[in-house]
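# Remarks on the overall topology
Here is what each chain is made of, one letter per residue.
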Amino acid sequence: MATNWFGSAHESVTNAIANAPSLQAVAENLGIKDFHQWASAKAFDLHSAVHEQAVELVKTKVKGEFGNEVIDMLDALSECMRKISEELKLKEAKFGITLALPLVSMQHNMLERPDVEGLLTDRALLDEAAYWVDFAAGAYGKEDIKGYDKASVNVAIGEKSGVEVTVAYLPAKGVQMPGHFVAVDRNNREVVLGIRGTTTLSDALTDAVGEATQVPGCPGLLAHKAMLASAQAVLEKTRPALEQALRDHSGFSLVITGHSLGAGTVTPLKARPRMRCFAYAPPPVIGPLEHRSLRGLVIHSFINRADVVPRASLANVFHLGLEAMAVDGLDLDFQHRFNLMRRDASPENEEENKAKKRIVEAVKECQEARHAKPHESFPPLFVAGQVYWIEWLGQEGSVQDAKNDTAERAPRIHLSSARAFQALLMRGGTNALKDHLCGGYKEGLEGYKNHLKASGGCNCTIA
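Going along each chain's sequence as written, the residues are numbered from 1 onward. With the structure being a predicted model, the display of local features is reserved for residues of pLDDT at least 70 and the display and counting of side-chain atom pairs for 80 or more, all residues being used for whole-chain, interface and lining totals. Excluding hydrogens and water, the side-chain values take into account all heavy atoms of the structure.

## A look at the packing of aromatic side chains
Defined as follows: Between 30 and 60 degrees the pair is tilted, below 30 it is stacked and above 60 it is edge-to-face, where a pair is any two Phe, Tyr or Trp rings, Trp via its six-membered ring, whose centres lie within 6.5 Å. Going along the chain from the N terminus, every DSSP run of H or I of four or more residues is numbered as a helix, and every run of E of two or more is numbered as a strand. Exposure categories follow from relative accessible area, calculated using a 1.4 Å probe and restricted to protein chains: below 20% of the type maximum is buried, above 50% is exposed, and the middle band is partly exposed.
The tally for this structure, following the rule as stated, stands at 10 aromatic pairs. Centroid distance Y280 to Y441: 6.5 Å. Interplanar angle 75°. Geometry classified as edge-to-face. Pair noted here: Y280 is in strand β7 (residues 275-280) and Y441 is in helix α16 (residues 438-454), with a separation of 161 residues, a long-range link. Look at Y280 and you get buried, because its relative accessible area is 0%. According to the relative accessible area criterion, Y441 is buried, its value standing at 0%. Through pairs of rings, three or more aromatic residues link up here, namely F44, F95, F334 and F338.

In structure tokens:
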């Protein structure tokens, strides 16, 4: 019955909002006679028809402001929070998570950029990162080549000279056994293990948010449980091919690369070659950062601007949920909430200004409480290794998108740290989604390479 109503609510709201100049006009189109009573409501029964109607109304507005992709992200985050609904006390919500998250984003979009430690000036490292991102993309294969996985990977990599794909496995889907390949790069004297991520951002978000578990043989080291199982599965399947390739090519080292969830796997091998990992859009998979088992690992992790996946962990989702519940609990009616859900959330009057201020303060208080005392039930996990943040100049905060973005896309890559990404931010509008695409990482790396080449490697004039 609920499903039938949900479809009905979607259809009725879509029809009602079309060509409606105001919220009141939308209400009239929906057949709501007492607009004041409806718009001034300070809570909805979470299982009522009016709540489903309100959710659909919010989704329709958000879609109009930001596009369909943001709705997918809201749905994925809501699903993640249902995993810890008891801890968040979601049953006590007045309006529900979906109606609170767009308001939380107002405070997130006011935050400064992540802490950085200076610009990346190692041109050799940058050349490598820009080279291996093609192999990370190659793990997805070429969509129009079916049934020939090695050929599919080879074409997706770019049919590079001196590269032979020896093993490839590209299933339709699967997290605990992700698609992967083994290749030999004779020109660079490397054996390569490429690991694929999930094919949709919604899957990446929901799969990235999982519980932590102890790593066998490493007391005190925690890892993302599903990612650990994925690493073990890939290791079991590829170990013979990797060790054979390393025996056949004496002196070659090992490179592990991947995008999204595929970037979370670093696998120890019996041959113990010199091993490096290039991870693009990696989720938080390991902790604590100070654990001795992580010393000596060479991992380069790249995060593109507002990409949401490197910030998606169970701990971060929990704290985002606390922020949403704090906003949900404010003494604000539906009309004030709805009116502020827009791309430009600049208050139009004093009442809106007061409402926005209360929302911003509520979210900030939650953030300060987290810094004071982390939640014991959700230990933090981190992106592994040295972290690099790709910034795009020419946009507000270098993060937030714009409806008509005509600014020159000018990437800069900064050294940063995993701790700078210990918050799941509803920030950047559609950039939170677009920035996750592997092509965006390739564009950022190549663009910054060209910048360094043109400037002779000097960044002294860049703010």
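Read on for the rest.
## What about the nonpolar core?
To keep things clear, this is the line we draw: Note on terminology: a nonpolar core comprises buried Ala, Val, Leu, Ile, Met, Phe, Trp, Tyr and Cys residues joined through side-chain atoms within 4.5 Å. For this analysis, residues touch if any pair of their heavy atoms sits within 4.5 Å.
In this structure, L101 and F334 are the most contacted members of the largest nonpolar core, which totals 89 residues. When sequence neighbours within four positions are dropped, the list of residues in contact with L101 reads L74, L77, S78, M81, L320, A324 and M426. Counting 34 residues, the second largest nonpolar core, distinct from the first, contains V165, F278, F302 and L445.

## Concerning the sheet that holds strand β2 (residues 180-185)
The line we're drawing: In this description, strands pair whenever DSSP reports at least two bridges between them. The angle between two axes is taken between their N-to-C directions and runs from 0 to 180 degrees, where each axis is a line fitted to C-alpha atoms and a helix contributes only its stretch in contact.
Pairing is mixed across the open sheet formed by 8 strands, whose spatial order is β1-β2-β3-β6-β7-β9-β10-β11. Lying at the two open borders of the sheet, with one neighbouring strand each, are β1 (163-169) and β11 (410-416). If you compare each strand with its neighbour and ignore which way they point, the axes differ by 20° on average. Along the sheet face, helix α9 (residues 149-157) touches β1 and β2 and points at about 130° away from the line of β1.

## Looking at the environment of G197
Looking at where G197 falls in the secondary structure, it is placed in the loop between β3 (190-195) and α10 (201-208). For the pair G197 and A263, spaced 66 residues apart in sequence, the C-alpha to C-alpha distance is 7.3 Å. Apart from the residues within four sequence positions on either side, G197 is in contact with Y140, H259, S260, L261 and G262.

## Describing α16
This is how it is decided: By definition here, a helix of n residues has an expected span of 1.5 Å times n minus one. By construction, the arc corresponds to the directions joining the helix axis to the C-beta atoms.
The terminal C-alpha atoms of α16 lie 25 Å apart, and with 17 residues this matches the ideal 24 Å at 1.5 Å per residue to within 8%. Residues of α16 that are buried include every one of C438, G440, Y441, G444, L445, Y448, H451 and L452, and no others. The buried residues of α16 all sit within an arc of 165° when viewed along its axis, so they share a single face. Exposed residues lying more than 90 degrees from the buried face of α16 are K453 and A454. Just downstream of α16 lies G456, where phi reads positive at about 70°.

## Some words on the pattern of salt bridges
What counts here: A pairing counts as a salt bridge when a side-chain nitrogen of Lys or Arg comes within 4 Å of a carboxyl oxygen of Asp or Glu.
Considering all chains together, one arrives at 15 salt bridges under this definition. With a shortest N-O distance of 2.3 Å, R276 and E190 are connected by a salt bridge. Of this pair, R276 sits in strand β7 while E190 sits in strand β3, and the two are 86 residues apart along the sequence. By relative accessible area, which is 4% here, E190 ends up buried. For E446, the salt bridge is made with K449, and the minimal N-O distance between the two is 3.8 Å. Separated by 3 residues within a single helix, E446 and K449 lie in helix α16, roughly one turn from each other. Residue E446 is classed as partly exposed on the basis of its relative accessible area, which comes to 24%. Judged by its relative accessible area of 25%, K449 is partly exposed.

## Examining the pairing of β2
Look at any regular strand and the pattern is simple: side chains alternate between the two faces of the sheet. Counting buried residues in β2 gives 6 out of 6 residues, a clear majority hidden from the surface. Burial along β2 is two-sided: H180, V182 and V184 facing one way and F181, A183 and D185 facing the other are all buried. As judged from the 6 bridges shared by β1 and β2, these two strands associate in the antiparallel manner. Note that in β2 the partner of A168 across the bridge is F181. Judged from the 6 bridges that link them, β2 and β3 form a sheet pairing that is antiparallel. Residue pairing for β3: V184 is matched across the bridge by V191. Between β2 and β3, which pair antiparallel in sequence order, lie 4 residues; one of them, R189, sits at a positive phi of approximately 55°.

## Points about unusual backbone geometry
Trans peptide bonds make up the majority, and among non-glycine residues the majority have a negative phi. At the junction of G287 and P288, the peptide bond is cis and its omega measures out at -5° in the coordinates. Its place among the elements puts P288 in the loop between β8 (286-287) and β9 (298-304). Residue R189 is not a glycine yet carries a positive backbone phi of 55°. In this fold, R189 is placed in the loop between β2 and β3. Positive phi outside glycine occurs at S260, with the angle close to 65°. Secondary-structure assignment places S260 in the loop between β6 (253-259) and β7.

## A few points about the sheet that holds strand β4 (residues 212-214)
If you trace the 3 strands from one edge of the open sheet to the other, you get β4-β5-β8, paired in antiparallel fashion. The sheet terminates laterally at β4 and β8, the two strands that pair on one side only. The pairing of β4 with strand β5 (residues 222-224) spans 3 bridges and is antiparallel. Its bridge partner being in β5, A212 is matched across the sheet by H224.

## A look at the pairing of β3
Across the 6 residues that make up β3, a large majority, 6, are buried. Residue alternation in β3 divides its side chains into two sets, E190, V192 and G194 and V191, L193 and I195, and both sets are buried. Pairing analysis gives 6 bridges linking β3 to β6, with the strands arranged parallel. Considered in β6, the bridge of E190 is made with S253.

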